[in-house]
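What follows is each chain in one-letter form.
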Amino acid sequence: MNATTFDAGFRLRPYLLEAKYEFLGLLRTPSYVLPALLFPSLFYVLFGVLLGGGRGGGEAARYLLATYGVFGIMGSALFGFGVTMALERERGLLVFKRALPVPPGAVLVAKMVMAMLFAAIISMMLAVLAASLGGVRLAPLQWAGLFLVNVLGTLPFCAIGLWIGVHVGGQASPAIVNLIYLPMAFLSGLWMPLSILPAIFTKLAPVWPSFHLSQIALRIVGRDAGGSLAMHFGVLAVVTVAFFVMARRRLADVG
Amino acid sequence: MRSKTSLIAGLSVVAVLAIAVVMQDATPPSASKTEAGPALPAGNTFVVRGARVFDGERVHEATDVLVRDGRIAAIGTQVDAPGVEAVDGKGRTLMPGLIDAHVHSWGEARREALRFGVTLAIDLHGDRGRLATLRREREGMERTAEADLWAAGVAVTAPGGHGTQYGMPVPTLAEGDDAAAFVDARVDEGADLVKLIVEDLSAHSTTTRWPTLSPAQVEAVVAAAHRRGKRAIVHVSKQDDARMAARAGADGLAHVFVDAPSDDAFVALARERDLFVVPTLSVFAAGSGAGDGRSLVADARLRPWLSAAQVQTLEAAFPSLHAHPEYPVDALASVRRLHAAGVTILAGTDAGNPGTAHGASLHGELELLVRAGLTPVEALAAATSRSADRFGIDDRGRIAEGRRADLVLVDGDPTTDIRATRAIVAVWKNGYAVERPRAGESKEAVDVLPASVRIADFDDGAATAAFGSGWHETTDAVMGGRSTVRHALVAGGALGSAGALEVAGEIAAGSAYPWAGIAFLPARTPMGAVDARANTELVFQVRGDGREYQVMLMSGPTMQGMPAMHAFTAGPEWTEVRLPLAAFGGADLAQLRAVSFAAGAPAGAFRFAIDAVELRGSRP
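Every residue gets a number counted from 1 within its own chain, in the order that chain's sequence is written. In the order they appear in the text, chains get letters beginning with A and ligands get numbers beginning with 1. Residue-level local features of this predicted model are given only where pLDDT is at least 70; pairs of side-chain atoms are given and counted only at 80 or more, and the full residue set underlies all totals for whole chains, interfaces and linings. Side-chain measures here rest on the full set of heavy atoms in the structure, leaving out hydrogens and waters.

**A short note on the overall build of chain B**
In plain terms, the rule: Helix and strand assignments come from DSSP, with helices taken as H or I runs of at least 4 residues and strands as E runs of at least 2, each series counted from the N terminus. Pairs of residues are marked as contacts when any of their non-hydrogen atoms sit within 4.5 Å. In short, Shrake-Rupley with a 1.4 Å probe defines the accessible areas, and a residue's cover is counted only from the protein chains shown.
Broken down by element type, chain B carries 14 helices and 28 strands. Looking at chain B alone, contacts between residues at least 24 apart form 73% of all its contacts between residues at least 6 apart. Accessible area for chain B stands at about 24400 Å²; split by element, carbon and sulfur atoms hold 53% of it.

**A look at the overall build of chain A**
The cut-off we apply is this: Relative accessibility decides the category of a residue: with a 1.4 Å probe and only protein chains considered, values under 20% of the type maximum give buried, values over 50% give exposed, and everything between is partly exposed.
If you tally the helices and strands in chain A, you get eleven helices and zero strands. What you see in chain A, going N to C, is helices and strands ordered as α-α-α-α-α-α-α-α-α-α-α. Counting over 255 residues, chain A shows a buried share of 49%.

**Comments concerning the interface of chain A and chain B**
This is how it is decided: Two parts placed together each lose some accessible area under a 1.4 Å probe, and the buried area is that loss summed for both. Here, a salt bridge means any Lys or Arg side-chain nitrogen found within 4 Å of an Asp or Glu carboxyl oxygen.
Between chain A and chain B, the residue contacts involve 29 residues of the former and 29 residues of the latter. Surface buried jointly by chain A and chain B totals about 2500 Å² across both partners, of which 58% is contributed by carbon and sulfur atoms. Between chain A and chain B we count one salt bridge in total. Here Arg62(A) ties to Glu61(B) by a salt bridge, and the two come within 4.0 Å at their closest N and O atoms.

**Observations concerning the environment of Glu614(B)**
Residues and elements named next belong to chain B. Formally: By the criterion applied in these results, polar contacts are pairs of N or O atoms within 3.5 Å in which, for protein atoms, one can donate a hydrogen and the other can accept it, and in which residues neighboring in sequence qualify only through two side-chain atoms.
Among the secondary structure elements, glutamate 614 is positioned in strand β28 (residues 604-617). With 73 residues separating them along the chain, glutamate 614 and glutamine 541 place their C-alpha atoms 9.6 Å apart. Every residue in contact with glutamate 614, bar those within four places of it in the chain, is listed here: Val453, Arg454, Ile455, Glu537, Leu538 and Val539. A polar side-chain atom of glutamate 614 sits 3.3 Å from a polar atom in the side chain of arginine 616.

**Section: the sheet that holds strand β10 (residues 232-235) of chain B**
All names here are of chain B. For clarity, the threshold we go by: Here, any two strands with at least 2 DSSP bridges between them count as paired.
Strand order in the open sheet formed by four strands is β9-β10-β11-β12, with parallel pairing between adjacent strands. The sheet is open, and its two borders are formed by β9 (194-197) and β12 (276-277), each paired with just one other strand. Of the strand pairs in this sheet, β10 and strand β11 (residues 252-253) are connected by two bridges, and their pairing is parallel. Residue pairing in the sheet places isoleucine 233 in a bridge with glycine 252 of β11.

**A word on the sheet that holds strand β7 (residues 118-123) of chain B**
Residues and elements named next belong to chain B. Note the following rule: Between N-to-C directions, angles cover 0 to 180 degrees, with each direction set by a line fitted to C-alpha atoms, over the stretch in contact for helices.
What the three strands build is an open sheet, ordered β6-β7-β8; its pairing is parallel. Across the chains shown, the open sheet's two edge strands, defined by having one partner strand only, are β6 (98-103) and β8 (148-151). Across this sheet, the average inter-strand angle for adjacent strands is 20 degrees, counted without regard to direction. Bridge count for β6 against β7 is four bridges, and the pairing is parallel. Looking at β7, one finds that aspartate 100 is bridged to alanine 121.

**Overview of the environment of Arg243(B)**
Within the fold, Arg243(B) resides in helix α6 (residues 239-247). Setting aside its immediate chain neighbours within four residues, Arg243(B) contacts Asp263(B), Ala265(B), Phe266(B) and Leu269(B).

**Description of helix α8 (residues 173-187) of chain A**
For an α-helix, the turn length of 3.6 residues means that residues three or four places apart are oriented alike. Residue and element names in this part refer to chain A. Note the threshold: Given a helix with a known number of residues, its expected span is that number minus one, times 1.5 Å. This arc is built from the directions going out from the helix axis to the C-beta atoms.
Between the first and last C-alpha of α8 there are 21 Å, a value that for 15 residues agrees with the 21 Å anticipated at 1.5 Å per step. Of all the positions in α8, only Ser173, Val177, Tyr181, Met184 and Ala185 are classed as buried. Angular distribution of buried residues about the axis of α8 spans 100 degrees; they occupy a single face of the element. Glycine 189 sits one or two positions beyond α8 and adopts a positive phi of about 80 degrees.

**Quick notes on the packing of helix α5 (residues 106-132) of chain A against helix α7 (residues 154-165) of chain A**
Residue and element names in this part refer to chain A. For clarity, the threshold we go by: For classification purposes, an angle smaller than 35 degrees is called roughly parallel, one larger than 145 roughly antiparallel, one from 65 to 115 roughly perpendicular, and anything else oblique. The crossing is said to be left-handed when, going from far helix to near helix, the turn is anticlockwise and less than a right angle, and right-handed when the turn is clockwise.
Relative to each other, α5 and α7 sit at 130 degrees, their axes nearing to 10 Å. Taken together, the axes of α5 and α7 lie oblique to each other. Viewed along their axes, α5 and α7 form a crossing whose handedness is right-handed. Contact with α5, carried on its side by Leu108, Met112, Ala115, Met116 and Ala119, involves Thr154, Leu155, Cys158 and Leu162 of α7 and no other residues of that element.

**Observations regarding the confidence of the model for chain A**
Residue and element names in this part refer to chain A. Worth spelling out the cut-off: Note on scores: pLDDT gives the predictor's confidence for each residue, bounded by 0 and 100.
For chain A, the average pLDDT comes to 83, and 90% of its residues sit at 70 or higher. Mean pLDDT across the elements of chain A bottoms out in helix α1 (residues 3-27) (69) and peaks in α7 (93). Across residues 1-6, where pLDDT falls below 50, the model places one contact with residues more than four positions away in sequence or in other chains. Scored below 50 in pLDDT, residues 53-57 makes 13 contacts in the model with residues more than four places away or belonging to other chains.

Right under this line is the structure:
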């Protein structure tokens, strides 16, 4: 073992440990795991398969596969960051961790990896349900694309969650996150296509970051509204960077 | 410093989201993309690449469809077709050619239908002399500009019943006639299916009653049709008649009934008998604002391809329906219930009637079916695979290997927004791209009348005219009325001439605009137009019972417009009547189609005679 790899291993170890304990911590929080993992699948089976699957050549099953994926990963990222960050901040864990020999970014990286891991699990569960019960048939590249969108799509919502987490208290955080999460999902057409809602919803949908992510996912299954892909990516990138910057500033101020 | 960075970050989020909203508005749905249209393959072998494909039942994304020699040869994600001309299907949807399950097709109808992506129509009452030709044409794989027809020939109706009022001779089935022999005659003429008419008009009129088939006759006709392996489709307007037809074993209904929304008992019966229903919501939709004729005329994706005649018929409404605002609502409710219970609904328009236009109306019908609770995909299936299945047509209605390449390519996604069917990029019939000339690019040839011209003097022993296509009786029967007329050549014309034309009959109450009389058709083809702009005056001799009569000029792009009218009185002595054509408000003399002499309200008998009819001009 030469010095370089030892060095790298040594540097990575705190990140890996942090991620591992974050995962164990979340896994032992049923109030997070159950809604985050089960709700998207449950809703999908209910609305995409049971209520909409047999009719209309699987259009509902296909559309909702894309949008419930976004819905699911958005939840895992917002809760994973928003609520845990608020709680840990309130309990003084962050201050405590500063005293530990842990790189300052490890906490955030760990939370991010967790959100992506949960996103991957949600994405797989939905894919299995869609292919088996929903009768959705996609090309291998389309399945892979959806998976990638779901995993990387957590980033903007991690940033938004972090920003919420550093602003609100632990008790209030689940309520605040839900207050943002659920209306945003609905208004972005994640539960039902915007086309069946009044036109004003379609007009205002681009206000919601989740709309842009869902449009990318829908583009993969060929059900998007035809907007510019570059614009969707651009919005998500700006949202990610901006919320992250704002959260870091706040974190540095209040700790 | 820190708050400044946060402020910048926050503002950039607001800015980018605002830009996103604005940008979305700047890219409206692709209605104008089709304007120029892509260059389409000249032959009947090509491949559509990367389209969303609706195969008649299901939707496949990013799929290729290979057409070889007019038939579908392969479907898949990466179809190998070296050297085959490709059509870009990205952002577009490829569908089977549309099927209109209820039309009355004549004249330009088949051409108009194909222009709007309707590659096959089911004709439920029309000219029976063409059945063999229709069959030969639809079996061929040649390049064509016309939609194919499956046809019933003439419908089975009672003497004087619905279907007999259109001026075309129709054999009728009287009480006591041999139904089996009657059906045999229709099938031997070449009928593909048997259409029955059960219509006493009681759903549309409180006073007028039409003779119609009895339940026993319906049962006998349906049984006879089935014995010959033909499907039996029944016209009904009332739920009780629909029940009777279903119990008699009918395969389908040509309309949804309108006297009441479908009750549970009928839904159960329709399900049990596997009855299909062609609701023809299009004819009930007039004035409802969605899917109706006016909304189709207003749609920029359809308007350029509508002929002037189509625009006029789309803007007209079924006269008898004005009194029943609840009909469209009940019709939608019935379709909703029947569909929810699993009864097969097929898309049909009854095109050929006021308020509809061949081809274009099917796009409105699809929208109406979605309003009635079908999903867009179910509505598309109702206009493709379901119709093919229920009418037993096995080489159309689906995109599947070996099927005839009757295809429609549209911009956008009609499987989520049904109105996208109107954004037609291309129509293929038998694998050949169909030319879609815009209206106005081909014009009707019109004869120009001389400034002064004699129409008829009735002196040569016949009720003929010097030009045009003769004298024809005309009554309000086409609008649901019961007025009658007969005409005859009589001796002793005006100014001592040999003969005159006597017209007599009876005006019956019960119709909104009752009339009966005689019409002169000035063009060489009946209902065609002549250019009468050189003429200034209509001059004729008249004698009669003292009633007031009307001269009615039919003009404009079709025969269906409101006539321009001018009154005259027929006294006991021969009198010359001179009517300046300028006094006929709204008449389009560039396209004059008929000059009628007719009685109107009040009800009662009438009798008059005309002679020495001529058009005069300002110049000799």
